[in-house]
There are 2 protein chains.
Amino acid sequence: MQISSLSKSATIEDVARAAGVALSTASGAFSGKKRMSEQTRATILQAAQELNYTPNPHAQRLAGGRSLKHIDLVALRLDVGMDARKAQRIQRLLTERGYSAPLHAYGRSVGEGQVDQRGLMETIRRQQPRAIVCDTTSLQDEVLEELKCFVAEGGMVIGYGYHDLDFPGDQVIFDSRHGISQAVRHFHSLGHERIAIGFPTHPHNTGPRLRTFQNELVSCGLRFQAQWVFHADGGAEDAETEEIGVHMAARFLRLAERPSAIFITNDYAALSFMAELHRAGVEAPRDISIVGHDDRPLAQRAWVPLSSFTHPVEEVAQCVVQMLEERLEGRAADEARVIVVRGELRLRQSTAPLLVDKGRSVKAKGK
Amino acid sequence: MQISSLSKSATIEDVARAAGVALSTASGAFSGKKRMSEQTRATILQAAQELNYTPNPHAQRLAGGRSLKHIDLVALRLDVGMDARKAQRIQRLLTERGYSAPLHAYGRSVGEGQVDQRGLMETIRRQQPRAIVCDTTSLQDEVLEELKCFVAEGGMVIGYGYHDLDFPGDQVIFDSRHGISQAVRHFHSLGHERIAIGFPTHPHNTGPRLRTFQNELVSCGLRFQAQWVFHADGGAEDAETEEIGVHMAARFLRLAERPSAIFITNDYAALSFMAELHRAGVEAPRDISIVGHDDRPLAQRAWVPLSSFTHPVEEVAQCVVQMLEERLEGRAADEARVIVVRGELRLRQSTAPLLVDKGRSVKAKGK
DNA sequence: TTGTATGCGTTATCAC
DNA sequence: GTGATAACGCATACAA
């Protein structure tokens, strides 16, 4: 096979001429929408092969409308955490299935360096992809409008995120509140009563999860303390996740009354939190029980193996792609579907029952 | 502003009609390539605004050639390590500058689940972006051919990677061999003579770095041992980086003669390696000195703070974008340029001088 | 079954 | 300055 494309790319007209057929015949041979003799078809495909012909995607879309093999992916950020992995995994699965699936990032939804979400989505919509797969976390309303336009124009939309919302397409939801309930119940079953939570993100998006946390405490008969809620605030919003764990540790150590258990919704933050407390002489699980989130390999391999809640990235990605394919193949009900995916608690050494009299028990243990 | 795009999108003809001018006048008003009264121009822009007009990108590219604000990004993988961060950072910078910069991933270059690199690049090339920014790590030759075609057709290419290669455009190189030299010299200056290296990747791409390692050992008068080179092999290629560190630790512990120092080219692998040795009673830096790579925040915050070689992601990304902009604005020499970027060693507690008589010194230390 | 004509939305080249 | 007209490459309806 020669790479002859140094000259101008061949057009379908060139192919038709080479194959000795009319232009429309050649077109029909590629789309398959036209009945013709196997003989002619073979000749045309052969000619296309030799000329190294590839259809011009812009001409195709100008003439025929939507492109079939192009799906745009939109994520919030690509540089951090499991959301990035989901987007990347979805891209991978789609690429393997022969789709072109470029990935676009919104940038952060809060604070400086913000990207024009609406503009980005409009640009994408104008490209007329077959579908848009979109991370719905902190999607602005104007973006939802754009997506609705896109669907109205015949596009297809699949979303994934942490809470379902009024959305013009199917959604795959990882139920992050379930993890919070599980963690709280676990701590409670171990006898803990002073339970904290740490979100290594901007407070902006933690409302629903925080409410779940409060409700769960109440239903366990425990009290909620605002100072036992940790966020990436006070200038730490831009820090790397691990740094946020360090900040949390500093705040924790300044507390007059310390919790005996904490759920930190990111393993790396939890690990640096744990290491930082260790330096201050506060040990897990003796002095504090810690549960992380995402169940990264390092959690299991850490100095003190970290209990963690799993984050089924693969499952989410596969659900998204499956729903998408069902829609593309027209075998899906009209109304938008919602699939909920859940993780589970993996217990390791960073959590332990609360010791009633801490001092004595520790001594006894140390003997 | 109303979102009227529920109906079919306005075309330039609609704008011209609304503004009471000819179609081509309207076109000229947008491109600015036509002289006209400010009055007319304002009217046209106004009309476009009201009709919520956006040019159809496909029609533009069909007619006018290359799109100006579209730059395609191509990376190897997006799900792991610092290469992903570079791609993401470049995307960010370009998006902030008003470019549409979708990110495509090749998938892995070796092993199963391989993506058709050539096909992907061809698809991208056919989209006629203004430029292609490409991770050159383990680029297949056919892809280089595609890129050359792209340049021949008037496109622009910028590459970034770990070694410069015969490439049809500017390149930004992070000199990974420099880090290896630095690490070896550091160990040597501490008195270490049995020095190992660990690459948490497939052996496929480590050739040049391994040679640098050997050369550096020789120039320090030290011996090279093949069994002191660790790779992600034996089925571990697909494992997460941290898991590879665990595998390396297992192999290390089985060694008849153990090295006293090791450079592992990824912090997470180095951390899990260190934790795993700890469980086996082998402590850093007492029994082994460890240097990681990338200088991730967790390295600094780990149980034993890890010495690490920095990885200037930001610098690479900025160099790439700067070179690109210089080219786009035509203020760059014709011949392809190469910029080399280097990191530096950050020393922490995981490295220490070799103790001449380990047993006695340790006892003395413990007193 | 095969060839022909028209339109998609834009840019660019001309005459006016 | 402004306004028709021809590409650009493909799909499709329609005529042969």
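Here is a short report on the structure shown in this document.

Each value, and the rule that gives it
- Sequence order sets the numbering: in each chain, residues are counted from 1 along the sequence as written.
- To label them, take the chains in the order written and letter them from A, then take the ligands in the order written and number them from 1.
- Where totals are concerned, whole chains, interfaces and linings use all residues; where local detail is concerned, this predicted model gives features only for residues with pLDDT of at least 70, and gives and counts side-chain atom pairs only at 80 or more.
- Side-chain descriptors were evaluated using all non-hydrogen atoms of the structure, hydrogens and water having been removed beforehand.
- Here, two residues are considered to be in contact whenever any of their heavy atoms come within 4.5 Å of each other.
- What gets called buried area is simply the loss in accessible area from a 1.4 Å probe that two parts show on being joined, summed for both.
- Definition used for salt bridges: Asp or Glu carboxyl oxygen within 4 Å of a side-chain nitrogen of Lys or Arg.
- A 3.5 Å cut-off defines polar contacts: any pair of N or O atoms within that distance qualifies, except that in protein one atom must be a possible hydrogen donor and the other a possible acceptor, and neighbouring residues in sequence count only when both atoms are side-chain atoms.
- Labels follow the DSSP assignment, with helices taken as runs of H or I lasting at least four residues and strands as runs of E lasting at least two, numbered in each case from the N terminus.
- Each residue gets one of three labels, nonpolar for Ala, Val, Leu, Ile, Met, Phe, Trp, Tyr, Cys and Pro, charged for Asp, Glu, Lys and Arg, and polar for the others, Gly among them.
- When a residue's accessible area, from a 1.4 Å probe over protein chains only, is under 20% of the maximum for its type it is buried; when over 50% it is exposed; and in between it is partly exposed.
- For two strands to count as paired, DSSP must find a minimum of two bridges between them.
- We call a crossover right-handed when, viewed with the strands running away from us, the connection from the first strand over the helix to the second turns clockwise.
- A helix is expected to reach a length of 1.5 Å times the quantity of its residues less one.
- Picture the helix axis, draw a direction to every C-beta atom, and the arc is the one those directions span.

As a further point, take the interface of chain A and chain B. Across the boundary between the two partners, chain A contributes 67 residues, which contact 67 residues of chain B. Summed over both sides, the interface of chain A with chain B buries roughly 5900 Å², with 54% coming from carbon and sulfur. If you sort the residues of chain A by the area they bury against chain B, H58, R126 and W303 of chain A come out on top, with a joint share of 16%. Summed over the shared surface of chain A and chain B, the number is 8 salt bridges. Residue E276 of chain B is joined to R301 of chain A by a salt bridge in which the shortest nitrogen-to-oxygen separation is 3.8 Å. At the boundary of chain A and chain B, one finds 22 residue pairs in polar contact (both at pLDDT 80 or more). Elements with a contribution of two residues or more to the side of chain A that touches chain B: α4 (57-64), α5 (81-96), β2 (103-105), α6 (117-126), α7 (141-152), α10 (241-254), α11 (267-279) and α12 (297-301) of chain A. Here the side of chain A that touches chain B takes 8 residues from α11 of chain A, the largest share from any one element. Of the residues in the side of chain A that touches chain B, the class split is 26 nonpolar, 21 polar and 20 charged.

Okay, the pairing of strand β9 (residues 289-294) of chain A next. All names here are of chain A. By the criterion of burial, β9 is predominantly enclosed, with 6 of the 6 residues buried. Judged from the 3 bridges that link them, strand β8 (residues 261-264) and β9 form a sheet pairing that is parallel. Bridge pairing in β9 places I262 opposite I290. Following the chain from β8 across α11 to the adjacent parallel β9, one finds a crossover that is right-handed.

Let us look at helix α9 (residues 207-219) of chain A. Residue and element names in this part refer to chain A. The end-to-end C-alpha separation of α9 is 18 Å, in line with the 18 Å expected for 13 residues at 1.5 Å each. Residues of α9 that are buried: R209, L210, T212, F213, E216 and L217. The arc that holds every buried residue of α9, seen down its axis, measures 155 degrees, which confines them to one face. For α9, exposure combined with an orientation more than 90 degrees from the buried face picks out R211, N215, V218 and S219.

Now for the pattern of salt bridges. Scanning all chains against the criterion turns up 52 salt bridges over all chains. Salt-bridge contacts for R296 of chain B lead to E240 of chain A; the nearest nitrogen and oxygen are separated by 3.0 Å. Of this pair, R296 of chain B sits in the loop between β9 (289-294) and α12 (297-301) while E240 of chain A sits in the loop between β7 (229-231) and α10, on two different chains. Judged by relative accessible area, R296 of chain B falls into the buried class, the value being 7%. Its salt-bridge partner being D170 of chain B, residue R337 of chain B comes within 2.9 Å of it at the nearest N-O pair. One end of the pair, R337 of chain B, is in the loop between α13 (313-328) and β11 (338-341); the other, D170 of chain B, is in strand β5 (residues 170-174), with 167 residues separating them in the sequence. Taking relative accessible area as the criterion, D170 of chain B reaches 0% and is therefore assigned buried. Residues participating in the shared-partner salt-bridge network are R118, R125, E146 and E153 of chain A.

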